[in-house]
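Remarks on the overall topology
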Amino acid sequence: MNKVISENGTLLLGIEKSEINIFNTPLQFGEYTILLISKGEGIYHVDFASFPFKAPAILFSTPQQSISISEITPVNYTTLQFHGDFYCIEYHRNEVACNGLLFNNIYAEPSIKLSTEQHQLYCVLVDHIIDEMKQPTPSEIVLRSYLQLILAKSSSLKINSEKQNFQKDEKMDQFKILLEENFLTLHKASDYAALLSMTANNFTKQCSKRFNKTPTQMIQERLILEAKKQLHLTRLSIKEIAYALKFQDEYYFSRVFKKKTKVSPQNFRKTTGISIVADLSK
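Residues numbered from 1 in each chain as written. Predicted model: local features only at pLDDT ≥ 70, side-chain atom pairs only at ≥ 80, totals over all residues. Heavy atoms only, no water.

1. Regarding the environment of Leu195
By the secondary structure assignment, Leu195 is in helix α5 (residues 189-195). C-alpha separation for the pair Leu195 and Ala108, spaced 87 residues apart in sequence, amounts to 23 Å. Contact partners of Leu195, with chain neighbours within four places excluded, come to Leu178 and Leu186. (Helix = DSSP H or I, 4+ residues; strand = E, 2+ residues; numbered from the N terminus. Contact = heavy atoms within 4.5 Å.)

Here is the structure:
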């Protein structure tokens, strides 16, 4: 892998082309990961959800998500990874609009189907990044510019894709609103089914059809997503975060977080770092 490494040994940016599927078993990374699929077909597993894909396509994952690929036909792909210390997507939200769309989005598939022309554009950008990283003194400004272009282009494509594939479902649209409003206090699927005046079976069926996840998965993911945001975007202590998320104590919070993510809150914060956004209000 072509790499940019920080002085303390953190992988800031890495890129590699591969014809061998290293994702045949679940892997977790401390970086944001983008997979440009150039050949093949398979199923992309992200935490407890699964999404089919066929090349050309681009797949996304956030730090410490468990990701794997089950191949249907052999897959060729490029892995692009970047750390929040190298490019802060929260800080550059106006330029790339990717946070909550490509990353940290529990409501949409973490993938984009590409046309041949779009795939060729990504391949050109990938080659530019590799060429720059092979220079005697790679320019981080240039590398960030190429990464920003990839993220901005991906956000634009994702927005257009969502519009084209949009199928109105008032109950599930309402569920999204209810979940955002109540995820700290309502933790049972039956709570939301009651608010939506739906039977439990019908609620589960419609939720799985719309989001490819069960209501329970959605509720748990939203709570863990908020925990990840607090760990990455604030300097609150683990105890303070546990209190803010209404856990009975920091130890129970740590157990739940580790059960869902396979890493402790402390290790999540250590590997992802604390965003510069945490200090902007000071």
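Moving on, there is more to tell.
2. Quick word on the pairing of strand β3 (residues 32-46)
For β3 and strand β6 (residues 67-82), the ladder comprises 13 bridges, and the chain directions are antiparallel. Bridging from a neighbouring strand, Ile37 pairs with Tyr77 of β6. Pairing of β3 with strand β5 (residues 57-61) involves five bridges; the strand directions are antiparallel. Bridge assignment links Leu35 to a residue of β5, and that residue is Leu59. Both β3 and strand β4 (residues 49-54) contribute to a ladder of six bridges, which runs antiparallel. Looking across to β4, one finds that Tyr44 is bridged to Phe51. What sits between β3 and β4 in their antiparallel hairpin is a turn of two residues, with Asp47 showing a positive phi close to 55°. (Pairing = 2+ DSSP bridges.)

3. What about the pairing of β6?
As defined by bridge partners, strand β2 (residues 11-18) adjoins β6 across six bridges and the pair is classed as antiparallel. Bridge assignment links Glu16 to a residue of β6, and that residue is Thr79.

4. Comments concerning the packing of aromatic side chains
Under the counting rule described, the total for this entry stands at 15 aromatic pairs. The interplanar angle of 50° and the centroid separation of 5.9 Å between the aromatic rings of Phe253 and Phe257 together place this pair among those described as tilted. Note that Phe253 and Phe257 are positioned in helix α9 (residues 250-261) at a spacing of four residues, about one turn of the helix. The pair Phe253 / Phe257 is uniform in exposure class, with both members buried. Through pairs of rings, three or more aromatic residues link up here, namely Tyr32, Phe60, Phe82, Tyr87 and Phe103. Directly above the aromatic system of Phe86 lies the positively charged group of Arg144, at a separation of 4.6 Å from the ring centroid. Above the plane of the ring of Phe183 lies Arg222, whose end atom (NZ or CZ) is 4.1 Å from the centre. (Phe/Tyr/Trp six-rings, centres within 6.5 Å; stacked < 30°, edge-to-face > 60°. Buried < 20%, exposed > 50% of the residue type's maximum accessible area, 1.4 Å probe, protein only. Lys NZ or Arg CZ within 6 Å of the ring centre and 35° of its normal.)

5. Overview of a nonpolar patch on the surface
A cluster of nonpolar residues, Tyr91, Ile276 and Leu280, forms a patch on the protein surface that exposes about 300 Å² of accessible area. Here Tyr91 shows up in the loop between β6 and α1 (93-96). (Patch = residues over 30% accessible without salt bridge, like charges linked within 9 Å, V, L, I, M, F, W, Y side chains within 5 Å. Areas by Shrake-Rupley, 256 points an atom, 1.4 Å probe, with all protein chains shown as cover. Salt bridge = Lys/Arg side-chain N within 4 Å of Asp/Glu carboxyl O.)

6. Here's the deal with the packing of helix α4 (residues 170-182) against helix α7 (residues 215-233)
Running from N to C, α4 and α7 point in directions that differ by 40°, and their axes come no closer than 10 Å. Taken as axis vectors, α4 and α7 run oblique relative to one another. Of the two possible hands of crossing, α4 and α7 adopt the one that is right-handed. Residues Phe175, Leu179 and Glu180 of α4 pack against Met218, Ile219 and Arg222 of α7. (Axes fitted to C-alpha atoms, helices over the stretch in contact; angles between N-to-C directions. Parallel < 35°, antiparallel > 145°, perpendicular 65-115°, else oblique. Left-handed = near helix turned anticlockwise from the far one by under 90°.)

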